[in-house]
Amino acid sequence: MNSSCLFYAFWTLAVLLTRCLHGQTEECKTGMYPPKGSTFKGNVPWYAISLDEDPVHRWDTVVKDRKYELVAMIQVIKELANSLVPSGKLVTLVDTVLPLMLDTLPYPFNKEILGISLASGVPVGEIILFNIFYEVFSVCTSVVAEDANGNLYHGRNLDFGLLMGWNHKNHSWTLTEKLKPLTVNIDFKRNNITVFKSTNFAGYVGILTGIRPNLFTLTMNERFNIDGGYVGILEWIIGKRDGMWMGFLTRTVLENATSYEDAKNQLSLTKLLAPAYFILGGNQTGQGCVITRTRINALDVWEIELKLGRWYVLETNYDHWEKPFFLDDRRTPAMKCMNKTTQANISPKTIYDVLSTRPVLNKLTTYTTLMEVSTGNLESYLRDCPDPCSPW
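Residues numbered from 1 in each chain as written. Predicted model: local features only at pLDDT ≥ 70, side-chain atom pairs only at ≥ 80, totals over all residues. Heavy atoms only, no water.

A. Representation of the confidence of the model for the protein chain in the model. On average, residues of the protein chain score 91 in pLDDT, and 92% of them reach the 70 mark or higher. Confidence drops under pLDDT 50 across residues 1–8; counting only partners more than four residues distant or on other chains, this segment forms three contacts. (pLDDT = per-residue confidence, 0-100. Contact = heavy atoms within 4.5 Å.)

Have a look at this one:
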């Protein structure tokens, strides 16, 4: 990297840190639901996918409808890669080496990735790269709460695109803005009956946000750790494949787990490629937890405990028993707003208020999802965060 690039990188970082440290925390929002105003960017469209269909063709309709947006997003990733390695060798490596991974990925995900490549015309290596990104780059806020009547609600902000190109003119993350048009809700069906629902990015076959109606709700947040996703991915490439991809595990759990406890066990015990937080909500009082994962096992399971006055669990990207990084403290304002709301007034509406309060809402936030297990309802909304707003 030459001196001008280094200067630009440090200048960008300085600008972002300044924005982060000054004026980005606000009083708890109220009256934000139904979504409206400058922080609401649009509704998320629905698609149905049949699990009975050939995996190669399951995503055809979604991908054809979002082909232009998918190609544009992939192009941003390639441009970012070329800015790091101007020779273009990194993109060439993606297009020549990553396709060799396809047959090593578990069924049906490998076939679905192949089908997305065929339907979009995007090289299969680049679709694999798109799916890998979520193992290492998501920054999120998730909460499961129980109201005074025992109803359970699950909300999340999906924040993605950290350090993936900062647009100085628009004060936005380049990749984050390209992902918003790719956001879709999916109703996964078998025998024409809903098995589970999710909010996805078109082209990504794993699950970050989902509900199995009447049984449980599930979100995944990245856990920053030195033994991170890069290590697991490299091990997979060189042939050590005893761990499971996080997004593949969450989708497998949503498709096959028969209860909250079954889901909790699978999420706690399955070896992973990357450390993670799984935020799980059930259908009975007290059924809500944050599972803190190493790549090998569960380090901690932090549960709703009404007898201790803990009527919600909330997770960002730091172990709940440790203080968050001082430049990325979304936890404290989120918990402040949850506590101010009180258990008596918690609902999907007031959770949306919490998730609309800066810096819980920030420049990385692509969508907000609200789920209610008893009704099977999942609703998602594209978000925007006008200035002044934290970059993360």
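B. How the structure looks around helix α11 (residues 331–341). Turning to α11, its buried residues are Arg331, Pro333, Ala334, Cys337, Met338 and Thr341. Trailing α11 by a residue or two, Thr342 shows a phi angle of about 75°, which is positive. (Buried < 20%, exposed > 50% of the residue type's maximum accessible area, 1.4 Å probe, protein only. Helix = DSSP H or I, 4+ residues; strand = E, 2+ residues; numbered from the N terminus.)

C. Structural view of unusual backbone geometry. In this model, Arg358 is joined to Pro359 through a cis peptide bond whose omega is 5°. Look at the link from Asp387 to Pro388: it is a cis peptide, with omega at 0°. On the secondary structure map, Pro388 appears in the segment after β16 (377–383). Within the chain, His171 stands out as a residue other than glycine whose phi angle is a positive 55°. Residue placement: His171 occurs in the loop between β5 (166–167) and β6 (172–173). Even without a glycine there, the phi angle at Asn191 is positive, about 55°. Looking at where Asn191 falls in the secondary structure, it is placed in the loop between β7 (183–190) and β8 (193–201). Asn191 gets classed as exposed once you look at its relative accessible area, which sits at 61%.

D. Just the sheet that holds β7, in detail. On the basis of which strands lie adjacent, the open sheet formed by eight strands has the order β2-β7-β8-β9-β10-β11-β12-β13 and mixed pairing. Here the strands that pair on one side only, and so sit at the sheet edges, are β2 (46–50) and β13 (298–303). The average angle at which neighbouring strand axes cross in this sheet is 20°, direction not considered. Looking at chain direction, strand β11 (residues 276–281) and strand β12 (residues 288–293) are connected through six bridges and run antiparallel. Residue pairing in the sheet places Tyr277 in a bridge with Thr292 of β12. (Pairing = 2+ DSSP bridges. Axes fitted to C-alpha atoms, helices over the stretch in contact; angles between N-to-C directions.)

E. Main features of the pattern of salt bridges. One pass over the structure, following the stated rule, counts 17 salt bridges. With its nearest N and O atoms 2.8 Å apart, the salt bridge here joins Glu112 to Arg58. Here Glu112 is found in helix α5 (residues 109–120), whereas its partner Arg58 is found in the loop between β2 and α2 (60–65), with 54 residues between them in sequence. Here Lys240 ties to Glu235 by a salt bridge, and the two come within 4.0 Å at their closest N and O atoms. We classify Lys240 as partly exposed; its relative accessible area is 45%. Within this structure, Glu26, Lys29 and Arg358 form a network of salt bridges that share partners. (Salt bridge = Lys/Arg side-chain N within 4 Å of Asp/Glu carboxyl O.)

F. A look at the side chain of Gln287. Looking at where Gln287 falls in the secondary structure, it is placed in the loop between β11 and β12. When sequence neighbours within four positions are dropped, the list of residues in contact with Gln287 reads Leu152, Tyr260, Leu280, Gly281 and Gly282.

G. Fine view of empty space enclosed by the protein. According to the stated counting rule, one finds one cavity of 30 Å³ or more in the structure shown. Estimated volume of the largest cavity: approximately 60 Å³. For the largest cavity, the lining is made up of ten residues, of which Ile113, Asn131, Ile132, Trp245 and Phe248 are closest to its centre. Listed by contribution, the elements that provide at least two residues to the lining of the largest cavity are α6 (124–133) and α9 (246–256). Top contributing element to the lining of the largest cavity by residue count: α6, with three residues. In terms of residue class, the lining of the largest cavity is built from seven nonpolar, two polar and one charged. (1 Å grid on protein atoms, 1.4 Å probe; cavity = no way out; pocket = protein on both sides within 12 Å on 5 of 7 lines; lining within 4 Å. Points joined across faces, edges and corners; volume = space filled by probe spheres on them. Nonpolar A, V, L, I, M, F, W, Y, C, P; charged D, E, K, R; others polar.)

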